[in-house]
Amino acid sequence: MSSKGPDIEVSKPLQDDPPSYSVIAPFAPPDSYPPNAPSPEIMGIQSGLELLLQINQLTVREKYTTSQGWGRSFDVLNNVSQRIFQAEQKVVCCGPAYDVTIRDNGGMQVMQLLEDCGCSCTREVEIQCPPAHPIGSVKLHWNNMVTHLSVMNASQEVVLLILGPSFQTSIFGNSTFEVKSRDEQHVVGVMRMESGNYVVSFPLDLDVTIKATLLGAAMYLDNLILSKKEYVGRKARSRN
């Protein structure tokens with residue numbers, strides 16, 4: 001004697017509207033990387049970046065800032081909160097505007113984030129794998145309405161965009177930024193600032209050099225927001 005269970009009604013999937021820059025779901029998992037999205041052709045993986053192959057999320061956690069404000073130190077954690085990299089930002093008088101060295105747990109230098117000059121109207125950081133081998137760059141586009149950064153490969157081709165609330169609203173408290181395809185039709189990742197930490201999620205099969213560039217983008221964005229906070233603080237003190 002057999003019995004049938006209750007019929008289960010299968011609903012048709014709904015088609016969501018494209019996400020808005022002003023309302024970003026903070027914990028939404030990224031979509032699959034779009035098949036037609038540009039991706040650099042890689043002949044081999046740079047030494048140290050193989051740690052990113054099986055990772056779809058990174059967390060950047062600040063360890064300390066020197067009391068003189070001359071340097072910062074960070075841990076970079078994988079999706080199970082294991083440290084895979086250590087990063088140190090150096091601030092030297094008359095040196096680069098932004099200089100971060102990223103090392104693995106064995107102390108070997110894996111990446112360097114370098115912005116030569118911050119005095120021009122264009123802000124751009126280059127992501128290098130030693131010795132001085134560029135794998136990508138991130139450029140800030142000035143916009144009062146939204147935060148807009150272009151993620152570029154080694155050939156200076158835009159492969160992804162980072163879009164989110166403007167610095168006018170994102171400098172105090174938690175905030176979320178979308179990582180989108182170049183045509184802005186696909187959300188392929190999320191960059192969240194939570195209690196001072198940056199959590200970056202992206203597709204597992206994303207090219208490792210672009211994963212590394214997104215890591216650099218998160219750290220660069222953190223530095224830009226910190227600079228804005230310091231500017232606002234100085235401006236407020238000058239009024240008193």
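Position labels on residues start from 1 in each chain and follow its written sequence. Note on the predicted model: pLDDT of at least 70 is required for a residue's local features to be given, and 80 or more for side-chain atom pairs to be given and counted; whole-chain, interface and lining totals, by contrast, use all residues. To get the side-chain values, take all heavy atoms of the structure and skip hydrogens and water.

Under the annotation held in an unreviewed UniProt entry, the protein carries the name Phospholipid scramblase and is attributed to Aquarana catesbeiana. UniProt positions are given in the numbering used here, feature names are shortened, and annotations may be inferred rather than shown by experiment. Turning to the protein, the UniProt record has this under Cofactor (unreviewed entry): "Ca(2+)". Under the UniProt heading Sequence similarities (unreviewed entry), the entry covering the protein gives this text: "Belongs to the phospholipid scramblase family."

Undergrad: So what exactly am I meant to see when it comes to the side chain of Gln128 here?
TA: Numbering goes from the N terminus for both helices and strands, where a helix is a DSSP run of H or I of at least four residues and a strand is a run of E of at least two. Looking at where Gln128 falls in the secondary structure, it is placed in strand 6 (residues 123-129). Identification of polar contacts relies on pairs of N or O atoms within 3.5 Å, with a donor-acceptor requirement for protein atoms, meaning one able to donate a hydrogen and the other able to accept it, and with residues adjacent in sequence counted only if both atoms are side-chain atoms. Only 2.6 Å separates the side chain of Gln128 from the side chain of Glu126, close enough to count as a polar contact. Setting aside residues up to four positions removed in sequence, Gln128 forms contacts with Val110, Met111, Gln112, Leu114, His133, Pro134 and Ile135. Residue contacts are counted whenever heavy atoms from the two residues lie within 4.5 Å of one another.

Undergrad: What should I look at first to understand the environment of Glu126 in this one?
TA: With respect to the helices and strands, the residue Glu126 is situated in strand 6. In this structure the C-alpha to C-alpha distance between Glu126 and Lys139, which are 13 residues apart in sequence, comes to 8.8 Å. Setting aside residues up to four positions removed in sequence, Glu126 forms contacts with Gln112, Leu113, Leu114, Pro134, Gly136 and Ser137.

Undergrad: Just checking my understanding: could you explain the packing of aromatic side chains for this structure?
TA: Where two aromatic rings form a pair, the distance of their centres and the angle of their planes describe that pair. Aromatic contacts are taken between Phe, Tyr and Trp rings whose centres are within 6.5 Å, Trp giving its six-membered ring; a plane angle under 30 degrees counts as stacked, one over 60 as edge-to-face, and the others as tilted. In this structure the tally under the stated criterion is 1 aromatic pair. Geometrically, the ring pair formed by Tyr98 and Tyr220 is tilted, given 5.5 Å between the ring centres and 50° between the ring planes. A residue pair is termed long-range when its members are at least 10 positions apart, and Tyr98 in strand 4 (residues 98-104) and Tyr220 in helix 2 (residues 208-239) qualify at 122 residues. Per residue, the accessibility class of Tyr98 equals that of Tyr220, and both read buried. Here the term buried applies to any residue with accessible area under 20% of the maximum for its type, exposed to any over 50%, and partly exposed to those in between, with areas from a 1.4 Å probe on protein chains only.

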